[in-house]
2 protein chains.
Amino acid sequence: MTNPTVRITEVGPRDGLQNEKATISTDAKVAYVDRLSRSGCAEVEVTSFVSPKWVPQLADAAEVLARIARVPGVVYSALVPNEKGLDAALAARVDKVSVFTAASETFCRRNVNASIAETIERFRPVVARAKAARLAVRGYVSCAVACPFEGPIQPRAVADVSRALSDLGCDEIDLGDTIGVAAPADIDRLLDAHEGVVAPDRITMHLHDTRGTGLLCAWRSYERGIRSFDASCGGIGGCPYAPGASGNVATEELVYAFERSGIATGARVSALLEAAAGIAEALGRALPSKLAKAGLPRPSIDGSCQGT
Amino acid sequence: MTNPTVRITEVGPRDGLQNEKATISTDAKVAYVDRLSRSGCAEVEVTSFVSPKWVPQLADAAEVLARIARVPGVVYSALVPNEKGLDAALAARVDKVSVFTAASETFCRRNVNASIAETIERFRPVVARAKAARLAVRGYVSCAVACPFEGPIQPRAVADVSRALSDLGCDEIDLGDTIGVAAPADIDRLLDAHEGVVAPDRITMHLHDTRGTGLLCAWRSYERGIRSFDASCGGIGGCPYAPGASGNVATEELVYAFERSGIATGARVSALLEAAAGIAEALGRALPSKLAKAGLPRPSIDGSCQGT
């Protein structure tokens, strides 16, 4: 079977849960990841090895990775902040690790108490060792469009950080609209700035639906040649900088819109809706995803066209 | 001042309120329409003269129209189901009326107990008298993508109904994705079928965000030459065929995405957010709109980047 046109990374278990108020049980996380493993997504970002002091919700990282039922062909990844985190990720047999920095100096300093340049140096040995261990490596760039402290970020500044991560050895550069401000023109400017810096086939777009523009920006990115997207089923995650706001683009909405337009993603909406229902129950809250509320269109004699 | 590139019709007071469970007071409706009149939208669809037996929420149609503070340059319109409704609309001095049918025979019969052809004939004298009275006339086509009973609707069938409404004398054809199933490919097929039937500058797209694709489809429509869109601030309206589902595209989200991309809509997000807040209070419920929850991006020292 040929590879799908678009590659989806389910980041709900990491970016989603990391930004939710409720901490869910290890059992619930394992069940959640197992459902996602069967959804057809190319990759599941299972957890983070950032210190539980900062991200208590994911303190059970090693246990989750040990207990999930891995599906052959699915890439299982984890966020690592430093060499110690890499050690744990290697012990847990991840297929891939992600390192992370930001395009905003203020955000970087507030987030990890270091300048952007310092974070690049911190990750140098992490990336080198990961590559030597034959892991794939992703480099996240937060605030790729705007920063909650600095406001709009210059696309050229983002491209400079992308170049630095790429020079470090990252296979994939993940551009994150952390606070979900982007409109199509922002995507255009951002990707224009990356021409000649990182090829589109090495870029993943990580969009938030904070202001309802996530899916539109994913589509614009696709029109610009991007083929890899992060999303969270149910649209979980919220936004630490805008209480009550929505989170990541909902995986099922992205897959629905793309598949319905003939663009193969490899994923199945019904499986994603099941995973969304499961995590909604575990979190004890309704999810932002509109497709999760309405279901798939299913015509019926009485017009009650909800379905899965 | 030149006309904005894109024309927005605020349908919240009619399509939105018609599909909400709660009935709000006449005072609240007047306040709501007055806020919308100051938002910069080109048109406000104030109410409907469909019998209160069917739409009790809008039984105060004449009183609302009498009490609103009309802003010069804004078009005030109302839905009319027949000549009696037109009489009332004329007495209320609307600028424009809308007639309505569907591209699905089953939906049409369930909705108004008539075939599509019968509805066209019913509206013949309505449109003729409205044009004679120098009113603008819009013709709505529901189920332009899919029907809750029949499922997918052939684009050619939609174009046939559009042609019939156009031949009747309608100035503007409004294509409604009533149950919000569309992805960009559906928009392409629908507008392909309308080539040579109704010019793009006479088409208005009426999109629902039931499955999270509303704004994306509005953008696709714009890429295809459409310059007129319906929306409801806050995204009110729900879906009678999918309980709990979302409603119209949220006006503020559409305006935000377009304006941020350099496409002038004439409307102001902050004014729309005020109107959304007011109607949320009157309805006693949280609104689907993500932008309404998050606010406009407003960088700040403490990173609490919500704002209006």
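Residues numbered from 1 in each chain as written. Chains lettered and ligands numbered in written order. Predicted model: local features only at pLDDT ≥ 70, side-chain atom pairs only at ≥ 80, totals over all residues. Heavy atoms only, no water.

Peer 1: For this particular structure, what's the right way to read the interface of chain B and chain A?
Peer 2: When the parts of a complex come together, some accessible area is lost, and that lost area is often taken as the interface size. The interface of chain B with chain A comprises 52 residues on the first partner and 52 residues on the second. Approximately 3900 Å² of surface area, both sides summed, lies buried where chain B meets chain A, with 58% of it carried by carbon and sulfur atoms. Seen at the junction of chain B and chain A, the total is six salt bridges. In this structure, Lys290 of chain A engages Asp209 of chain B in a salt bridge whose closest nitrogen and oxygen atoms are separated by 2.6 Å. Elements that contribute at least two residues to the side of chain B that touches chain A include exactly α8 (184-193), α9 (214-223), α10 (251-260) and α12 (290-294) of chain B. (Contact = heavy atoms within 4.5 Å. Buried area = accessible area lost by both parts, 1.4 Å probe. Salt bridge = Lys/Arg side-chain N within 4 Å of Asp/Glu carboxyl O. Helix = DSSP H or I, 4+ residues; strand = E, 2+ residues; numbered from the N terminus.)

Peer 1: I tried to follow unusual backbone geometry on my own but got confused; where do I start?
Peer 2: What you tend to see is this: most non-glycine residues have negative phi, and most peptide bonds are trans. In this structure, Asn113 of chain A takes a positive phi of about 55 degrees despite not being glycine. Position of Asn113 of chain A among the secondary structure elements: in the loop between α5 (105-112) and α6 (116-132).

Peer 1: Any chance you could explain the pattern of salt bridges here in plain terms?
Peer 2: Following the criterion strictly, the structure yields 50 salt bridges over all chains and no others. The partner of Glu20 of chain A in a salt bridge is Arg285 of chain A, with the nearest N and O atoms 2.6 Å apart. Within this pair, whereas Glu20 of chain A is found in the loop between α1 (12-18) and α2 (26-37), its partner Arg285 of chain A is found in the loop between α11 (269-283) and α12 (290-294), the two being separated by 265 residues in sequence. What makes Glu20 of chain A buried here is its relative accessible area of 6%. A salt bridge links Arg138 of chain B to Asp230 of chain B, with the shortest nitrogen-to-oxygen separation between them at 3.1 Å. Of the two residues, Arg138 of chain B sits in strand β5 (residues 136-142) while Asp230 of chain B sits in strand β10 (residues 228-231), which places them 92 residues apart along the sequence. Given a relative accessible area of 2%, Asp230 of chain B falls into the buried group. (Buried < 20%, exposed > 50% of the residue type's maximum accessible area, 1.4 Å probe, protein only.)

Peer 1: Whenever I open this one, the relation of the copies chain B and chain A confuses me. Can you help?
Peer 2: The relation between the two chain copies is a rotation about an axis coupled with a shift along that axis. Once chain B has been moved 0.0 Å along the axis and rotated by 180 degrees, it coincides with chain A to within an RMSD of 0.0 Å. Expressed as a symmetry operation, the mapping of one chain copy onto the other fits a two-fold axis. Considering only C-alpha atoms, the part of chain B nearest the rotation axis is Leu216 of chain B, at 2.3 Å. Of all interface residues in chain B, 100% are interface residues in chain A too; the two copies therefore contact each other through one and the same surface. (Least-squares fit on C-alpha atoms with pLDDT ≥ 70 in both.)

Peer 1: Sorry if this is basic, but what is going on with helix α9 (residues 214-223) of chain A here?
Peer 2: In an α-helix, one full turn covers 3.6 residues, which means residues spaced three or four apart are oriented alike. Residue and element names in this part refer to chain A. Burial within α9 is extensive, with nine of its 10 residues counted as buried. Where α9 is concerned, the buried positions are Gly214, Leu215, Leu216, Cys217, Ala218, Trp219, Arg220, Ser221 and Tyr222. With its phi angle positive at about 100 degrees, Gly225 sits one or two positions after the end of α9.

Peer 1: Any chance you could explain the sheet that holds strand β10 (residues 228-231) of chain A here in plain terms?
Peer 2: Strands in a sheet are paired, the pairing made by backbone hydrogen bonds, and the direction either parallel or antiparallel. Residues and elements named next belong to chain A. In space, the eight strands of this closed barrel follow the order β1-β2-β3-β4-β5-β8-β9-β10, with parallel pairing throughout. Strand-to-strand twist in this sheet, taken as the mean axis angle between neighbours without regard to direction, amounts to 25 degrees. Where α6 meets the sheet, its contacts fall on β4 (96-102) and β5 (136-142), and the angle it forms with β4 comes to roughly 170 degrees. Here helix α8 (residues 184-194) sits on the sheet and contacts β8 (172-177) and β9 (203-207); the angle it forms with β9, its principal contact strand, is near 155 degrees. (Pairing = 2+ DSSP bridges. Axes fitted to C-alpha atoms, helices over the stretch in contact; angles between N-to-C directions.)

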